[in-house]
Each structure stands twice: as structure tokens, then as C-alpha cells.
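A structural walkthrough
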Amino acid sequence: MSNKLLIGLTDKTECLLETDRPFLWIDDDPPEVSRGTYFDPSEHSFNPLEDIDYRKARDIAALLYSLSPEGENTLTVRNGRRALARLLLAASRLDRIKAASDDDKDAVAMVDDVLFSPVLKRIFCGKPNFDFSPTKTILTRVNRAELGDFDALILGNFLIGQYQGQVILPDGGFYLRPLHASLIRQNRLIAGVRHLAELHPKLRDTLLLAAQRTPMGCLYEDAEQLALLDGLQPSTVGFSDYVQKAMEGDS
């Protein structure tokens, strides 16, 4: 497996599918793949807390608190993340999380906010009926127009947490968070973005250094950054040619 980053406005579907390994694909409208199994949010359910361990609990807590308006580094958020991770480890299902003290109430409220969605509650708390084996290619239709951004973001990220193989995100700018640096370290992230500014700065820097980078109709500033990363010097013919081709989607 390897990391790949496709940057620009050109349709990336064909390039994203250039892998000979099983993968998880998350998008509004996944392509047809003969060997693929389709996850349907209207039919399938899974328990995110099945076989949960410390790392998975921390990841779920980090994801939920990354949506908090208070930010990522306040004391309240750090304490909340820790409390939520502890509660997740002690629960068998999301709707069975209970506050052990007043200090846990904010953490429980984070989960209650997720389960306020009838779609997410049915998927996460219904009888599990889907297998996320990394030997299977899984395509998921997480349609933001139908589900709304919040439900799509939560569902997409919980799906990522369930699958231990290659992950393909055509709209990586929407789904990716700093916690997904672990996917990069494990060489199993293939992502598309329209422009680099969509990515969180920490994750962007890590991904740019660790991934195979392919410009596909880039913005000018992104094409320049990619040229610099490839060791080209500004004000040279090679630099100018690279930038032009990257913007045209022909690099």
C-alpha cells in the first residue's frame, strides 16, 4: 500500500482507482466496481465499539471533539476527550454510555448529539449486519446532499475507523482530520482535494511529504508549492513548465 494525494479540479475517479489492493471508498456517489461490496446507509448497521481498544477510543473522542466550537487545545476540550475515551472503553454500544460523574456530562452530550440523528442512531445502534474485513473492497454512498454535512462527516469517519485496509477519499478535504495522520504512517491513504487549503495545516504538511503527489488542474498557488516540493527553482523554465502543466491537469 502507499499514500497518494491528487490535487485539483479535474475528475480524479480513474486515478483514485489505480490500486490492486482491496479498499474502502467513501464518496457521495461511488463508482461501479465489479469486485466491490456496497455499504448502504439505509440498510446496513455496525457497532463502532465492537472490539474497541484504547487507540480506537481516543480516535473517536478526538473526532467528536474536533467538531467542538471551543477548539482543539483548551483544557475543557482536552479533559472532555479523555473522559469520553474512558467512557467509550467501558461501554458496549454508543447508546449505552453513561456518565459516572458530573465531569462526564459534556462527554456524554457529545455522543447524544451524534445519536440525535435517527440515521446515525440506526446505523450505530442497530443489529450489526455488515463485515468490514480488509480483504474486501467496500464502496459506501455517503451522500452529503441527502444526509447533511454533519451526519456524512460522522458516518464517513466512523467507517474509516472500522476498516484496516487502503482508504480512498475523493473528497479528502471534507473528511480528513489531524487524527488521520495514522493512515499516512501506515501507508494506506489515497485522497483527492480540490485545493491544499482544504486540509488541516498539520495534516497537509505530513501528507505532502509522505504521499505520491499528482496535480490535476491545480490552483496557481498549489501548483507552485508542488513545484517547490519537487525541487524545482522559481524563475526557471522547468518551474514555469511544471506550474503550467499542473494547472492544466497535464502534469
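You'll find the structure just up there.
Now for a quick tour of the structure. (Residues numbered from 1 in each chain as written. Predicted model: local features only at pLDDT ≥ 70, side-chain atom pairs only at ≥ 80, totals over all residues. Heavy atoms only, no water.)

**Notes on the overall build of the protein**
In terms of regular secondary structure, the protein is built from twelve helices and seven strands. Relative to the 2.2 N^0.38 estimate, which gives 18 Å for 251 residues, the radius of gyration of the protein is 19 Å and therefore close to what a compact globule would have. Overall, the protein is about 65 × 45 × 30 Å in size when its C-alpha atoms are taken along their principal axes. For the protein, buried positions account for 49% of its 251 residues. Look at the contacts in the protein between residues 6 or more apart in sequence, and 65% of them connect residues 24 or more apart. When the accessible surface of the protein is summed, it comes to about 12,400 Å², and 48% of that surface belongs to carbon and sulfur atoms. (Helix = DSSP H or I, 4+ residues; strand = E, 2+ residues; numbered from the N terminus. Rg over C-alpha atoms; globule rule 2.2 N^0.38 Å. Buried < 20%, exposed > 50% of the residue type's maximum accessible area, 1.4 Å probe, protein only. Contact = heavy atoms within 4.5 Å. Areas by Shrake-Rupley, 256 points an atom, 1.4 Å probe, with all protein chains shown as cover.)

**What about the packing of helix 5 (residues 118-125) against helix 7 (residues 149-162)?**
Their axes nearest at 10 Å, the elements helix 5 and helix 7 cross at an angle of 15°. The orientation of helix 5 relative to helix 7 falls into the category roughly parallel. The hand of the helix 5/helix 7 crossing is left-handed. From helix 5, V119, L120, I123 and F124 reach across to helix 7, where they touch F150, D151, I154, L155 and F158. A class-by-class count of the residues in the contact of helix 5 with helix 7 yields eight nonpolar, no polar and one charged. (Axes fitted to C-alpha atoms, helices over the stretch in contact; angles between N-to-C directions. Parallel < 35°, antiparallel > 145°, perpendicular 65-115°, else oblique. Left-handed = near helix turned anticlockwise from the far one by under 90°. Nonpolar A, V, L, I, M, F, W, Y, C, P; charged D, E, K, R; others polar.)

**Let's talk about the pairing of strand 5 (residues 166-169)**
Taking every second residue as pointing to the same face, both faces of strand 5 are buried, with Q166 and I168 on one and V167 and L169 on the other. As judged from the three bridges shared by strand 2 (residues 23-27) and strand 5, these two strands associate in the parallel manner. Considered in strand 5, the bridge of W25 is made with I168. (Pairing = 2+ DSSP bridges.)

**A look at the packing of helix 2 (residues 54-66) against helix 7**
In the contact formed by helix 2 and helix 7, the axes pass within 11 Å of each other and the chain directions differ by 165°. On the basis of the axis angle, helix 2 is roughly antiparallel to helix 7. The chirality of how helix 2 crosses helix 7 is right-handed. Every residue of helix 7 that contacts helix 2 at K56, I60, L63 and L64 is listed here: I154, N157, F158, G161 and Q162. For the contact of helix 2 with helix 7, the residue count by class is five nonpolar, three polar and one charged.

**Let's talk about the sheet that holds strand 5**
Backbone-to-backbone hydrogen bonds join strands into a sheet, with any given pair of strands oriented parallel or antiparallel. The strand order across the open sheet formed by seven strands is 3-4-2-5-6-1-7, and the pairing between neighbours is parallel. Lying at the two open borders of the sheet, with one neighbouring strand each, are strand 3 (36-39) and strand 7 (212-215). Neighbour-to-neighbour, the strand axes of this sheet turn through a mean angle of 15°, independent of strand direction. Note: strand 2 against strand 4 (residues 137-141), four bridges, orientation parallel. The residue of strand 4 that forms the bridge with D27 is R141. Packed on one face of the sheet, helix 7 meets strand 2, strand 3, strand 4 and strand 5 and runs near 175° to strand 2.

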